[in-house]
Amino acid sequence: MKVIAVDIDNVLNNFSDTLAKSTFTFKASYGLSLEEFDNYLDLVKHDVFAESEFLTTKFSDFRHRIHEQCYPLAQANPEGVQFMNWLKANGWKIVICTKRNLRLTGECTKKWLQDNHIPYDYLITALNKIVFCKLWDVPYLIDDDLLNITYGERYGIQIYYPLMAKHSSVVSQTAKGFTRFEEIKQWIQE
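Residues numbered from 1 in each chain as written. Predicted model: local features only at pLDDT ≥ 70, side-chain atom pairs only at ≥ 80, totals over all residues. Heavy atoms only, no water.

> Teacher, can you tell me more about the sheet that holds strand β5 (residues 158-162) here?
Pairing between the strands of a sheet is mediated by backbone hydrogen bonds and can be parallel or antiparallel. Pairing is parallel in the open sheet, where six strands are placed in the order β3-β2-β1-β4-β5-β6. The open sheet terminates on both sides in strands that have one partner only, identified here as β3 (122-125) and β6 (176-178). Taken over all neighbouring pairs, the strand axes of this sheet differ in orientation by 25 degrees on average, direction set aside. Alignment of strand β1 (residues 3-6) against strand β2 (residues 93-98), held across four bridges, turns out to be parallel. Considered in β2, the bridge of Ile4 is made with Ile94. Of the strands in this sheet, β1, β2, β3 and β4 (140-142) touch helix α6 (residues 129-136), which is tilted by about 150 degrees from β2. (Pairing = 2+ DSSP bridges. Helix = DSSP H or I, 4+ residues; strand = E, 2+ residues; numbered from the N terminus. Axes fitted to C-alpha atoms, helices over the stretch in contact; angles between N-to-C directions. Contact = heavy atoms within 4.5 Å.)

> Looking at this model, I keep getting lost on α6. Mind explaining?
For an α-helix, 3.6 residues make a turn, and residues three or four places apart therefore share a direction. Taken as a whole, α6 has its buried residues at Lys129, Ile130, Phe132 and Cys133. Along the axis of α6, the buried residues cluster in a sector spanning 160 degrees; they form a single face. The elements touched by buried residues of α6 are β1, β2, β3, β4 and α7 (146-151). A side-chain oxygen of the first residue of α6 lies 3.2 Å from the backbone nitrogen of Ile130; this N-cap is Asn128. Among the residues trailing α6, Asp137 stands out with phi positive, at a value near 60 degrees. (Buried < 20%, exposed > 50% of the residue type's maximum accessible area, 1.4 Å probe, protein only. Arc of directions from axis to C-beta. Polar contact = N/O pair within 3.5 Å; in protein donor to acceptor, adjacent residues only side chain to side chain.)

> What exactly am I supposed to notice about the packing of aromatic side chains here?
Any pair of aromatic rings gets described here by the distance separating the centres and the angle formed by the planes. Tallied over the entire structure, the rule returns 15 aromatic pairs. With centroids separated by 5.2 Å and ring planes inclined at 35 degrees, the aromatic side chains of Phe83 and Phe181 adopt a geometry described as tilted. Remark: Phe181 occurs in helix α8 (residues 181-189) and Phe83 occurs in helix α4 (residues 78-89); sequence separation between them is 98 residues. A single burial state applies to Phe83 and to Phe181, both of which are buried. A centroid spacing of 5.0 Å and a plane angle of 55 degrees characterise the contact between Phe178 and Phe181, whose relative ring orientation is tilted. Phe181 sits in the buried class, given a relative accessible area of 3%. Three or more aromatic residues joined by ring pairs make a cluster, and in this case those are Phe26, Tyr30, Phe37, Tyr40, Phe59 and Phe62. Taking the ring centre of Tyr71 as reference, the NZ or CZ of Arg100 above it sits at 3.7 Å. (Phe/Tyr/Trp six-rings, centres within 6.5 Å; stacked < 30°, edge-to-face > 60°. Lys NZ or Arg CZ within 6 Å of the ring centre and 35° of its normal.)

> When you look at the state of the cysteines in this model, what are you seeing that I'm missing?
Every disulfide links exactly two cysteines, by a covalent bond between their sulfur atoms. Using the criterion set out here, one finds zero disulfides in the structure. Unpaired in terms of disulfides, Cys97 finds its nearest cysteine sulfur in Cys133, a separation of 5.5 Å. The buried category is assigned to Cys97, whose relative accessible area is 0%. Judged by its relative accessible area of 1%, Cys133 is buried. (Disulfide = S-S within 2.5 Å.)

> Looking at this model, I keep getting lost on the layout of surface pockets. Mind explaining?
Where empty space is left in the structure can be found by rolling a water-sized probe over the atoms. Considered as a void within the structure, the second largest pocket measures approximately 210 Å³ in volume. Around the second largest pocket, the lining is made up of 16 residues, and of these Asn10, Val11, Asn13, Asn77 and Pro162 lie nearest the centre. Of the residues contributing to the lining of the second largest pocket, the split by class is six nonpolar, seven polar and three charged. (1 Å grid on protein atoms, 1.4 Å probe; cavity = no way out; pocket = protein on both sides within 12 Å on 5 of 7 lines; lining within 4 Å. Points joined across faces, edges and corners; volume = space filled by probe spheres on them. Nonpolar A, V, L, I, M, F, W, Y, C, P; charged D, E, K, R; others polar.)

Structure representation (structure tokens):
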């Protein structure tokens, strides 16, 4: 059986660009001072995640709220949509594998996928996508995360990633960067 896992943000859409270009207004409901708001917003826009021993912090809550505003605004990559439909038409099982908290954003995510005509068989939250792919016996993962690009080969997962500035330091023997989804079609048919 042909199975592939595909990330949403920065793979099927332009999430980082949307986040960088969007304007966010300070609200008292964030529970932050204006200074904290400005500081946290800068961290979120630069994809910095503040480490903590706690699962939820003021920062992680704020980050989630900002991301939640961007999810419906992000534009689908037309070539990615075409690729996903090609996968479905060619008998692939498609797992949308995201770090999004689907308990909180599941309906928004499903609506975005439907509105953009992106087919899938499963929609899964996975903080460690390599472990998920290994456990579900998914041999291919399309994702932009540096951790997955770096360590996928160690666990037998073939990683494909959209070439982005943040990937300039990637050193991997098997992960393959792509500029067009057509490249992935060729690789998975070999």
